[in-house]
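# Residue-level structural notes
Here is what each chain is made of, one letter per residue.
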Amino acid sequence: MRSHYCGELSAALVDRVVTLCGWAHRRRDHGGVIFIDLRDREGLAQAVFNPERVEAFAIAERVRNEFVLKVTGKVRRRPQGTVNPDLPSGEVEVMVQEVEILNPSLTPPFQLDEENLSETVRLENRVLDLRREPMQKNLRMRHRAAMAARRFLDEHGFIDIETPVLYKSTPEGAREFLVPSRLHDGHFYALPQSPQLFKQMLMIAGFDRYYQIVKCFRDEDLRADRQPEFTQIDVETSFLAEEDIRALMERLARHMFREAVGVELPDPFPVMRYDEAMRDYGVDKPDLRVTLKLTELTEVMKDVDFKVFSGPANAPGGRVVGLRVPGGGSLTRGEIDAYAEYLKTLGSRGLAWIKVNERAKGAQGLQSPIVKNLHAKALTEVLERTGAGDGDIIFFAADKADSANAHMGALRQKIGHERGFAEKAWRPLWVVDFPMFEYDEDAKEWKARHHPFTSPKDGHEAYIESAPEKAYAKAYDMVLNGWEIAGGSVRIHREEIQQKVFNALKISKEEQRAKFGFLLDALQYGAPPHGGIAFGFDRMVTLMAGADAIRDVIAFPKTQRGQDLLTGAPTPVTEKQLRELHIRLRNLPQP
Ligand code: ASP
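This section reports on the structure supplied with the text.

Quick notes on the rules
- Along each chain, residues carry numbers from 1 onward, in the same order as the chain's sequence is written.
- Residue-level local features of this predicted model are given only where pLDDT is at least 70; pairs of side-chain atoms are given and counted only at 80 or more, and the full residue set underlies all totals for whole chains, interfaces and linings.
- The side-chain figures draw on all heavy atoms in the structure; neither hydrogens nor water molecules are used.
- Every helix listed is a DSSP run of H or I at least four residues long, and every strand listed is a run of E at least two residues long, numbered separately from the N terminus.
- Burial classes follow relative accessibility: with a 1.4 Å probe on protein chains only, a residue under 20% of its type's maximum area counts as buried, one over 50% as exposed, and anything between as partly exposed.
- Working rule for contacts: check all heavy atoms of both residues, and any pair within 4.5 Å makes them a contact.
- In short, Shrake-Rupley with a 1.4 Å probe defines the accessible areas, and a residue's cover is counted only from the protein chains shown.
- In this charge count, Lys and Arg are treated as positive and Asp and Glu as negative; neither His nor the chain ends contribute.
- The location of each charge is read from NZ of Lys, CZ of Arg, CG of Asp or CD of Glu.
- Axis lines are fitted to C-alpha atoms, over the contacting stretch for helices. Their N-to-C directions set the angle, which ranges from 0 to 180 degrees.
- By the definition adopted for this analysis, an angle is roughly parallel if under 35 degrees, roughly antiparallel if over 145, roughly perpendicular if from 65 to 115, and oblique otherwise.
- In this scheme the handedness of a crossing depends on how the near helix is turned from the far one: anticlockwise by less than a right angle means left-handed, clockwise means right-handed.
- Under this grouping Gly is polar, as are all residues other than the nonpolar Ala, Val, Leu, Ile, Met, Phe, Trp, Tyr, Cys and Pro and the charged Asp, Glu, Lys and Arg.
- Between 30 and 60 degrees the pair is tilted, below 30 it is stacked and above 60 it is edge-to-face, where a pair is any two Phe, Tyr or Trp rings, Trp via its six-membered ring, whose centres lie within 6.5 Å.
- DSSP-based pairing: two strands are paired if at least 2 bridges between them are found.
- Residues are counted as near a molecule or strand when any one of their heavy atoms sits within 4 Å of it.
- Any pair of N or O atoms that falls within 3.5 Å is considered a polar contact. Within protein, one atom must be able to donate a hydrogen and the other to accept it, and sequence-neighbouring residues count only if both atoms are side-chain atoms.

When you go through the protein residue by residue, the secondary structure sums to 16 helices and 22 strands. The buried share of the protein, reckoned over its 591 residues, is 49%. Across the protein, every contact between residues at least 6 apart in sequence was considered, and the portion connecting residues at least 24 apart equals 67%. On the protein, roughly 29,300 Å² of surface is accessible, and the fraction owed to carbon and sulfur atoms is 50%. When the 83 positive and 88 negative side-chain charges of the protein are each reduced to one mean point, those points stand 1 Å apart.

Next up, the structure:
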């Protein structure tokens, strides 16, 4: 139908007759002449309707926003003074000879270029929302990133192999979505949390290098960076050591950023051990743009009178940690209280601090509600270790290590970005050497930190059953600006080690057979050493696009409550459908 895209018009086409198709973005009636900005996916073009063209002019008078038009006319330079330097096609316009309304439109519920639309309105009207320029840009960036990944992986010998979506319920970590089976009364499929075991079996099957851009499903409470269904770039290789896998995947990430957004990520990515990350940043995905670091103070606080510090300092698994903020002495009481309030929302009980007015004066030069409870030696140590000088403030957390880390890590992040301690940069890194297990206080049992198929570090096999807290894994996360964008590991390729891990996780022999028999069997037929990674593709594109939430880079996302406001999913179903699935509901769904 068209000869050119609207956004393609330029001075090179002057005097050519073109035919454009698109949507009436805006119509302006300038007393006698009508201008319509015609929009398609490549951009805008200005169509000019003169009253001399009686027929076309009469049609243009009826056009409203979002009508679909086809216009034919001659391209000419815009008259002097009317050039629009903000538009690629802003030097020219089309003098319309003919126009056809291909389809009218109802008045849209919002102006397409309106900013600050509520997300509910946007998601309810997703089709119109997707017409907006930022969404068009985001989804095309997503496409470029996906294509860059496919090209890189193809060039490096990775084969795209599809894996099932109707899978089996297995205890792998997250809560699963279940699909009732019609043919098997009382039986269910589960939607895969990831194709983890399929990709491992493809390695055992000899494909050597696999990838897939694939939907994964987890029925978890949602946050800004989570969706119940999300996309991974899922990768697995055989016969590569951990360092080689990381080196290759780092190149993939660099390639994607270069191709999709023209960003050159640093080469190589720094590598940080998990323990270091927790010690210095309090989180396992440190935002290295923020230059502040935490200070270890547990030893220092063991013998102070202040029980709030000495208690956790002496408790097993306790930690006292400080955060020095240069120049933070100027924070007002109100500002400090606001930080304390913020930490309360994360479960903290209070925020202790010391302002350094004049370091040379010792305790006299310090200002703080807690100074009198700390002896001189402890105060000197605090100043030395944090390196605090005049005009600084030091914040403290004392708690179980997990909580102290979480609170100070969050404070570091918040203050860092609010008070000018964050660089404007891309700061990727690898976090490696994760503990294999973590203790679930509520369930009183050990859980796999990554997933139960992750290999222990060499020499750590013996700890798996006897001292799980000491077992570290060949697991690695790729982190970018505080977001975990990929996670992976070298896998267990020996059946006896896999069984040890299941034992440590208290998965009984029967359950091992019932749930993972297929894996344990496959492992016994010459499984090669293998490992891999999965990129959180939505998160990656969100970072590339500078968007706030992954919903902005997904065409049809769900809300925080797992609803699709466009189609209305999830919905009740008919009694007949339930009957076929052998299901009777406990509660009748609310309308
Ligand atoms: N399957 C893992 C995940 O989804 C990633 C991996 O280990 O490759 O987190």
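What follows covers the packing of helix H6 (residues 242–261) against helix H15 (residues 537–545). The packing of two helices is summarised by the inter-axis angle and the distance between the axes. Contact pair H6 / H15: the axes reach a minimum separation of 11 Å and the direction vectors enclose 45 degrees. Judged by the inter-axis angle, H6 sits oblique to H15. H15 is crossed by H6, and the crossing has right-handed handedness. Here H6 contributes Ala 253, Met 256, Phe 257, Ala 260 and Val 261 to the contact with H15, which in turn contributes Phe 537, Met 540 and Met 544. Its residues assigned to classes, the contact of H6 with H15 shows eight nonpolar, no polar and no charged.

Looking now at the packing of aromatic side chains. Considering all chains together, one arrives at eleven aromatic pairs under this definition. Here Phe 257 and Trp 426 contribute two aromatic rings whose centre-to-centre distance is 5.3 Å and whose plane-to-plane angle is 65 degrees, an arrangement assigned as edge-to-face. Taken together, the residues span a long stretch of sequence, with Phe 257 in helix H6 and Trp 426 in the loop between helix H11 (401–418) and strand E17 (428–432) at a distance of 169 residues. Measuring from ring centre to ring centre gives 5.2 Å for Tyr 274 and Phe 434, while their planes differ by 40 degrees; the resulting arrangement is tilted. Of this pair, Tyr 274 sits in helix H7 (residues 274–281) while Phe 434 sits in the loop between E17 and strand E18 (437–440), placing them 160 residues apart in sequence. Assigned by exposure class, Tyr 274 and Phe 434 land together as buried.

Before going further, it helps to examine the pairing of strand E13 (residues 318–325). Judged by how many residues are buried, E13 sits mostly within the fold: seven of eight residues are covered. Bridge analysis of strand E12 (residues 294–296) against E13 gives three bridges, and the strand direction is antiparallel. Bridge pairing in E13 links Thr 295 to Gly 322. By the bridge criterion, eight bridges tie E13 to strand E16 (residues 393–400) in an arrangement that is antiparallel. Looking at the pairing, Val 325 lines up with Ile 393 of E16.

To continue, consider the site of the ligand. As a matter of local geometry, the ligand sits amid 13 residues, with Gln 196, Lys 199, Gln 232, His 450 and Arg 491 nearest to it. Side-chain polar atom of Ser 194 to a nitrogen atom of the ligand: 3.0 Å apart, as the coordinates give it. Gln 196 places a side-chain nitrogen or oxygen 2.6 Å from a nitrogen atom of the ligand. When isolated, the ligand has an accessible area of 270 Å², and the protein chains bury 89% of it. Here the shell around the ligand gets three residues from one element, more than from any other, and that element is strand E22 (residues 530–536). Class assignment of the residues belonging to the shell around the ligand gives a composition of two nonpolar, eight polar and three charged.

On to H7. Among the residues of H7, Tyr 274, Ala 277, Met 278, Asp 280 and Tyr 281 are the ones counted as buried. Those residues of H7 that are buried are in contact with strand E11 (271–273), E12, E13, H11 and E17. One or two positions beyond H7, positive phi appears at Gly 282, with a value near 75 degrees.

Buried residues dominate strand E2 (residues 33–40), accounting for seven of its eight residues. Bridging between strand E1 (residues 17–30) and E2 involves seven bridges; their strand directions are antiparallel. Across the sheet, residue Asp 29 finds its bridge partner in E2, namely Ile 34. The antiparallel pairing of E1 with E2 creates a hairpin that spans two residues between the two strands, and Gly 31 there sits at a positive phi of about 45 degrees. Of the strand pairs in this sheet, E2 and strand E3 (residues 43–49) are connected by seven bridges, and their pairing is antiparallel. Residue pairing in the sheet places Asp 40 in a bridge with Gly 43 of E3. Joining the antiparallel neighbours E2 and E3 is a turn of two residues.

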